[in-house]
Amino acid sequence: MENQTPPRKLTIQELNESVQRSSFWLRPLKEELHRNIIGQEHLIESLIISLLANGHVLLEGVPGLAKTLALKTLASAVLADFRRIQFTPDMLPADIIGTEIYNPKDVNFITKKGPIFSNFVLADEINRAPAKVQSALLEGMQERQVTIGDQTFPLPDVFLVMATQNPIEQEGTYPLPEAQVDRFMLKVIVKHPTPAEERLILDRMGTSEVNLTVNSIVSAKDIWRSRKVVNAVFMDDRVKDYIVSIIHATREPAHYGLKLKDYILNGASPRGTIFLTLASKASAFINGRGFVTPEDIKNQALDVLRHRISVSYEAEAEGITSEDIITQILNTLPVP
């Protein structure tokens, strides 16, 4: 058997050129999203990063902040299937993944697939459903496949789940366990629009006959090709060490001169390391670069880590949040 020559590593210039060629759809997609969604720049960028990094998003915000509209518009612009699932306390796992139905005519069972078999799934108020229903969705997110009866079905290559939580209404809810929340790449806090943005919303939406149209910008195949380029984005060893230091500082803060031990119950998991790496690569891609900078990591750290750090009762008593801890870590660790 002949020795195969390993593929040549691309130079930074070649990676930059590859990113420029593959990101042709980014600007038109953002413009199309902003035609229907006013403001919410961070929400839109987070959705695109999750799409590029093959992750999922957990959104926390009060109702009426365009969370559903954002994902529905994204699905239309990407030529993809979209399903919205309103989670309720009486749901069953079959309502998510599907079930087998007996066909008396043919004397056999037929498989009826559930709404999870879509490219974009909005899990609205995920914390309103019982643990079994949450697990059915989260298993599909993690394994990228669903088992119905004795058959296993793969989910689409382009598959994005955006789950929402209402932070102001907790009665009758089933909070997501930390181990399950960890499966979301990003947790994004969706905030109210500014007065100027709200005035634009009033001018555009202040009528009973609002007709929102979305043009198709990019195909799922283009997204899949772009992911290949994102995976190839260069990350220097010093930048990799910076990510590892951030993650380990959430577990052993004293090792880095941080007096945070009494405020942290559990630090970020290795999945946090992986997701921070992927999100940083996607951030570099969005900014037209074939290499990751420490700024990419800092920009993604809050969304990637805020739901992976459990704070102690002492921290809660002093009003210290996981975001405060992450910010202190980023401000203290030396930047390569």
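In this convention, every chain numbers its residues from 1, walking through the sequence in written order. Totals for whole chains, interfaces and linings use all residues, but because this is a predicted model, local features are given only for residues with pLDDT of at least 70 and pairs of side-chain atoms are given and counted only at 80 or more. Only heavy atoms go into the side-chain values, all of them from the structure, while hydrogens and water stay out.

J.: I tried to follow the side chain of Ser280 on my own but got confused; where do I start?
T.: Checked against the element boundaries, Ser280 lands in helix H11 (residues 270–286). Burial classification: accessible surface area is computed with a 1.4 Å probe over protein chains only, and a residue below 20% of its type maximum counts as buried, one above 50% as exposed, and the rest as partly exposed. For Ser280, a relative accessible area of 0% translates into the label buried. Sequence-distant contacts of Ser280, defined by excluding residues within four places in its chain, comprise Met235, Val292, Asp296, Ile297 and Gln300. Numbering of helices and strands runs from the N terminus; a helix is a DSSP stretch of H or I covering at least four residues, while a strand is a stretch of E covering at least two. Between two residues, a contact is recorded if the distance between any of their heavy atoms is within 4.5 Å.

J.: I tried to follow the environment of Asn215 on my own but got confused; where do I start?
T.: Locating Asn215 in the fold gives a position in the loop between helix H8 (195–205) and helix H9 (220–232). Residue Asn215 is classed as partly exposed on the basis of its relative accessible area of 44%. Measuring from C-alpha to C-alpha, the distance between Asn215 and Val78 comes to 8.9 Å, with 137 residues separating the pair along the chain. Dropping the residues within four chain positions of it, Asn215 is found in contact with Glu32, Arg35, Ser76 and Ala77.

J.: Looking at this structure, I do not really get the sheet that holds strand S8 (residues 160–165). What am I missing?
T.: Sheet strands pair via backbone hydrogen bonds, and the direction of the pair is either parallel or antiparallel. DSSP calls a pair of strands paired once it identifies at least 2 bridges connecting them. Pairing in this open sheet of five strands is parallel, and the strands run S2-S5-S8-S1-S9 from one edge to the other. The open sheet has two free edges, formed respectively by strand S2 (82–86) and strand S9 (186–189), since each of these has just one partner strand. Strand-to-strand twist across the sheet, computed as the mean angle between neighbouring axes with direction ignored, equals 20 degrees. Sheet topology note: the strand S5 (residues 120–124)/S8 ladder contains four bridges and is parallel. Pairing of Phe120 across the sheet is with Leu160, part of S8. Lines fitted to C-alpha atoms define the axes here, with helix axes fitted over just the stretch in contact, and angles between the N-to-C directions of these axes take values from 0 to 180 degrees.

J.: What is the right way to look at the layout of surface pockets in this model?
T.: Picture a little ball the size of a water molecule; that probe, rolled over the atoms, points out where space is still empty. Roughly 630 Å³ of volume is contained in the largest pocket. Put plainly, a pocket is an open set of points on a 1 Å grid over the protein atoms alone with protein on both sides within 12 Å along at least five of seven lines, a cavity is a set where a 1.4 Å probe fits but cannot get out, and a lining residue has an atom within 4 Å of a point. In this structure, the largest pocket is lined by 24 residues; those nearest its centre are Glu60, Glu178, Lys187, Arg306 and His307. When grouped by side-chain class, the residues that make up the lining of the largest pocket number nine nonpolar, eight polar and seven charged. Of the pockets and cavities examined, the second largest pocket occupies roughly 240 Å³. Taken together, 15 residues make up the lining of the second largest pocket; nearest its centre are His42, Val188, Ile189, Val190 and Lys191. Grid points are joined across faces, edges and corners, and a volume is the space filled by probe spheres set on the points. Residue classes follow a fixed rule: Ala, Val, Leu, Ile, Met, Phe, Trp, Tyr, Cys and Pro count as nonpolar, while Asp, Glu, Lys and Arg count as charged, and any other residue, Gly among them, counts as polar.

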